[in-house]
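# Secondary and tertiary structure notes
Next come the chains, spelled out residue by residue.
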There are 2 protein chains.
Amino acid sequence: MNGSIPNIVIGRLPIYLRELQRMAEEGRHITSSLELGERLGISAAQIRKDLSQFGEFGKQGTGYSIEFLMDNICKILKVDRVWDMVVVGAGDIGSAIARYQGFTNRGFRVGYIFDIDPKIIGTKVGEFIIQDFNSLVEILRKNHIKIGMIAVPGWAAQEVADRLVEGGVSAILNYAPINLNVPSNVRLQYIDPVIHLQRMTYYL
Amino acid sequence: MNGSIPNIVIGRLPIYLRELQRMAEEGRHITSSLELGERLGISAAQIRKDLSQFGEFGKQGTGYSIEFLMDNICKILKVDRVWDMVVVGAGDIGSAIARYQGFTNRGFRVGYIFDIDPKIIGTKVGEFIIQDFNSLVEILRKNHIKIGMIAVPGWAAQEVADRLVEGGVSAILNYAPINLNVPSNVRLQYIDPVIHLQRMTYYL
DNA sequence: TAGATTGTTAATCGATTAACAATC
DNA sequence: TAGATTGTTAATCGATTAACAATC
């Protein structure tokens with residue numbers, strides 16, 4: 001038992017899991033830290049060290065059962081279930097998220113999408129009916145939803161974050177290009193394509 | 001002069017820049033490492049250390065001129081210009097990227113969007129006419145475009161990456177949920193919402 | 001000047017790697 | 001068994017922090 005596994009290790013587990021799922025799709029059953037590391041550009045030692053924080057998942061001389069390791073990483077990351085999420089903002093980005101097929105089989109599902117514009121509330125995005133932002137807190141509480149995604153303009157994002165927290169959300173994925181303040185018990189991740197692009201232009 | 005600035009430092013500069021731009025929008029002119037750090041949840045010492053890798057941008061006793069610091073970070077990151085980009089894949093995500101207003105004033109512009117589906121080639125996404133994927137390499141070369149964004153299904157992403165590289169692209173932002181292999185002189189960044197979500201569910 | 005904040009050094013802290021005994 | 005690969009330890013490497021002289 002260990003209550004202090006480094007955040008950076010947790011951050012790599014989803015990467016391992018994604019590659020393992022791909023290997024499984026390729027019909028593979030066994031891999032090794034060396035092979036997985038080569039495919040990901042990560043050292044074999046690091047992969048073994050990371051995994052050893054949680055248990056012993058391999059066999060000396062053989063390697064890892066892909067299925068067994070996937071199952072265990074899913075359990076560690078708590079994606080051995082399906083998490084319902086809400087999307088706030090039904091513009092281009094919010095709509096793309098709501099319709100995204102890639103959540104399936106990876107532990108997530110969009111439950112509701114919200115907007116504040118009366119002109120689009122009640123209309124459909126994919127199979128979802130756009131809900132009134134004013135009913136966000138109520139719907140979050142009623143459905144015990146713990147994950148919210150923010151896809152509104154920057155100037156509206158903090159207000160949305162506050163409402164998500166008020167509704168009981170404790171994990172937020174923010175697509176708005178702005179830093180948010182949330183209570184320390186709420187997890188927060190950012191997706192801002194410009195940040196990623198600027199990390200590359202330095203090297204061009 | 002220093003040819004070996006840590007990658008992790010480069011990774012923070014866009015975060016600093018984004019917050020500085022926000023301060024500027026608020027009408028602010030001066031800040032300090034302490035204030036910037038508090039707004040970002042980063043220690044003041046780290047901000048000063050990071051910036052000192054590139055020069056002396058502050059004044060003792062006063063702090064940093066927001067505009068001056070922004071200008072300098074823009075130069076360091078080479079976003080004191082506008083980079084033309086291509087988007088490959090005109091589905092929900094590709095279309096949302098092509099129409100995204102957030103690139104403006106941050107150093108980037110979408111120039112072209114491509115798809116391989118004959119049914120949508122020639123139709124419009126926002127103000128862009130969807131181009132034939134088969135003309136990607138030619139258009140990249142003709143326009144000397146260095147940045148590509150991949151918004152196609154996972155199974156098609158490696159082929160798209162190969163074509164981008166063939167056309168001379170040296171920075172790729174990949175929205176497909178798959179690891180890509182590119183030559184070592186090509187920079188690569190990933191955006192996969194599921195990876196970010198799985199980094200949070202561990203803590204829920 | 002007095003107060004404040006930088007830029008920088010040295011110390012601390014944490015993460016990665018190399019190596020190998022254990023063992024399948 | 002012989003070969004291969006794990007899990008783990010200790011060493012190395014790198015990043016963060018604390019502290020403070022310099023100076024605006």
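Residues numbered from 1 in each chain as written. Chains lettered and ligands numbered in written order. Predicted model: local features only at pLDDT ≥ 70, side-chain atom pairs only at ≥ 80, totals over all residues. Heavy atoms only, no water.

### Quick look at the domain arrangement of chain A
The domain architecture assigned to chain A consists of domain 1 (7-76) and domain 2 (83-196). With centres defined by C-alpha atoms, the gap from domain 1 of chain A to domain 2 of chain A works out at 31 Å. (Domains from an automatic or database assignment.)

### Quick word on the protein's contact with DNA strand C
Taken together, 25 residues sit near DNA strand C, with Gln46 of chain A together with Ser33, Arg48, Gly58 and Tyr64 of chain B positioned nearest. Taken together, the sugar and phosphate atoms account for 60% of what DNA strand C places within 4 Å of the protein. Take glycine 61 of chain B: an N or O atom from its main chain is 3.0 Å from a sugar or linking oxygen of DNA strand C. With four residues, the top contributor of residues to the surface near DNA strand C is helix H3 (residues 44-52) of chain A. Of the residues assigned to the surface near DNA strand C, the class counts are five nonpolar, twelve polar and eight charged. (Near = heavy atom within 4 Å. Polar contact = N/O pair within 3.5 Å; in protein donor to acceptor, adjacent residues only side chain to side chain. Helix = DSSP H or I, 4+ residues; strand = E, 2+ residues; numbered from the N terminus. Nonpolar A, V, L, I, M, F, W, Y, C, P; charged D, E, K, R; others polar.)

### Considering the packing of helix H5 (residues 92-99) of chain A against helix H5 (residues 92-99) of chain B
The N-to-C vectors of H5 of chain A and H5 of chain B enclose an angle of 170 degrees; their axes lie 9 Å apart at closest approach. By the criterion of interaxial angle, the relationship of H5 of chain A to H5 of chain B is roughly antiparallel. Between H5 of chain A and H5 of chain B, the contacting residues are Asp92, Ile93, Ala96 and Arg99 of chain A on the first element and Asp92, Ile93, Ala96 and Arg99 of chain B on the second. Along the lines of polarity and charge, the residues of the contact of H5 of chain A with H5 of chain B split into four nonpolar, no polar and four charged. (Axes fitted to C-alpha atoms, helices over the stretch in contact; angles between N-to-C directions. Parallel < 35°, antiparallel > 145°, perpendicular 65-115°, else oblique. Contact = heavy atoms within 4.5 Å.)

### Looking at the side chain of glutamine 198 of chain B
Within the fold, glutamine 198 of chain B resides in helix H8 (residues 193-201). In this structure glutamine 198 of chain B comes out as buried when scored by relative accessible area, which is 1%. For glutamine 198 of chain B, the residues in contact, after removing those within four places along its chain, are Pro14, Leu17, Leu77, Val79, Arg106 and Phe108 of chain A. (Buried < 20%, exposed > 50% of the residue type's maximum accessible area, 1.4 Å probe, protein only.)

### Quick notes on the interface of chain A and chain B
If you look at the interface, chain A gives 56 residues, while chain B gives 56 residues. At the junction of chain A with chain B, the criterion picks out six salt bridges. For aspartate 92 of chain B, the salt bridge identified is with arginine 99 of chain A, shortest N-O distance 3.0 Å. Summed over the shared surface of chain A and chain B, the number is 22 residue pairs in polar contact (both at pLDDT 80 or more). At the level of elements, helix H1 (7-25), strand S4 (83-88), H5, strand S9 (147-150), strand S10 (171-174), strand S11 (187-190) and helix H8 (193-201) of chain A are the ones that each hand at least two residues to the side of chain A that touches chain B. Residue composition of the side of chain A that touches chain B, grouped by class: 36 nonpolar, nine polar and eleven charged. (Salt bridge = Lys/Arg side-chain N within 4 Å of Asp/Glu carboxyl O.)

### Here we look at the packing of aromatic side chains
Enumeration according to the criterion identifies eight aromatic pairs over all chains in this entry. When the ring of tyrosine 100 of chain A is compared with that of phenylalanine 103 of chain A, the centres are 5.1 Å apart and the planes differ by 85 degrees; the resulting orientation is edge-to-face. Across the pair, phenylalanine 103 of chain A and tyrosine 100 of chain A agree in class, each one buried. Aromatic pair tyrosine 202 of chain B and tyrosine 203 of chain B: ring centres 4.8 Å apart, planes at 90 degrees, arrangement edge-to-face. The class for tyrosine 202 of chain B is buried, based on a relative accessible area of 19%. Relative accessible area serves as the criterion here: at 29%, tyrosine 203 of chain B is assigned to the partly exposed category. Directly above the aromatic system of tyrosine 202 of chain A lies the positively charged group of lysine 78 of chain B, at a separation of 5.8 Å from the ring centroid. (Phe/Tyr/Trp six-rings, centres within 6.5 Å; stacked < 30°, edge-to-face > 60°. Lys NZ or Arg CZ within 6 Å of the ring centre and 35° of its normal.)

### Re the relation of the copies chain A and chain B
It takes a turn of 180 degrees to lay chain A on chain B, together with a shift of 0.0 Å along the axis; the resulting RMSD is 0.0 Å. Here the copies are linked by what is in effect a two-fold axis. When the interface residues of chain A are mapped onto chain B, 100% of them again fall at the interface, so both copies present the same face. (Least-squares fit on C-alpha atoms with pLDDT ≥ 70 in both.)

### Quick word on the pattern of salt bridges
Scanning all chains against the criterion turns up 26 salt bridges over all chains. As a salt-bridge pair, arginine 106 of chain B and aspartate 192 of chain A come within 3.0 Å of each other at their nearest N and O atoms. Residue arginine 106 of chain B is found in the loop between H5 and strand S5 (108-115), and its partner aspartate 192 of chain A is found in the loop between S11 and H8; the two belong to separate chains. For the residue pair arginine 106 of chain B and aspartate 192 of chain A, the accessibility class agrees, reading buried in each case. One salt-bridge network, held together by shared partners, links Arg18 and Arg106 of chain A together with Asp192 of chain B.

### Concerning the protein's contact with DNA strand D
As a matter of local geometry, DNA strand D sits amid 25 residues, with Ser33, Arg48, Gly58 and Tyr64 of chain A together with Gln46 of chain B nearest to it. Close to the protein, within 4 Å, the atoms of DNA strand D belong to sugar or phosphate groups at a rate of 60%. Here arginine 48 of chain A contributes a side-chain N or O atom positioned 2.8 Å from a base nitrogen of DNA strand D. Here tyrosine 64 of chain A contributes a side-chain N or O atom positioned 2.7 Å from a phosphate oxygen of DNA strand D. Mapped onto the surface near DNA strand D, the elements with two or more residues apiece are H3, strand S2 (58-59) and strand S3 (63-65) of chain A together with helix H1 (7-25) and helix H3 (44-52) of chain B. Among the elements that make up the surface near DNA strand D, the one with the highest residue count is H3 of chain B (four residues). Across the surface near DNA strand D, the residue classes tally to five nonpolar, twelve polar and eight charged.

### Examining the sheet that holds strand S3 (residues 63-65) of chain B
Residues and elements named next belong to chain B. In spatial order, the strands read S1-S3-S2; together these three strands make up an open sheet with antiparallel pairing. If you trace the sheet from one side to the other, it starts and ends with strand S1 (30-31) and strand S2 (58-59), each paired once. The pairing of S2 with S3 spans two bridges and is classified as antiparallel. Its bridge partner being in S3, lysine 59 is matched across the sheet by glycine 63. Each of S1 and S3 touches helix H4 (residues 66-76); the most contacted strand, S3, lies at about 70 degrees to it. (Pairing = 2+ DSSP bridges.)

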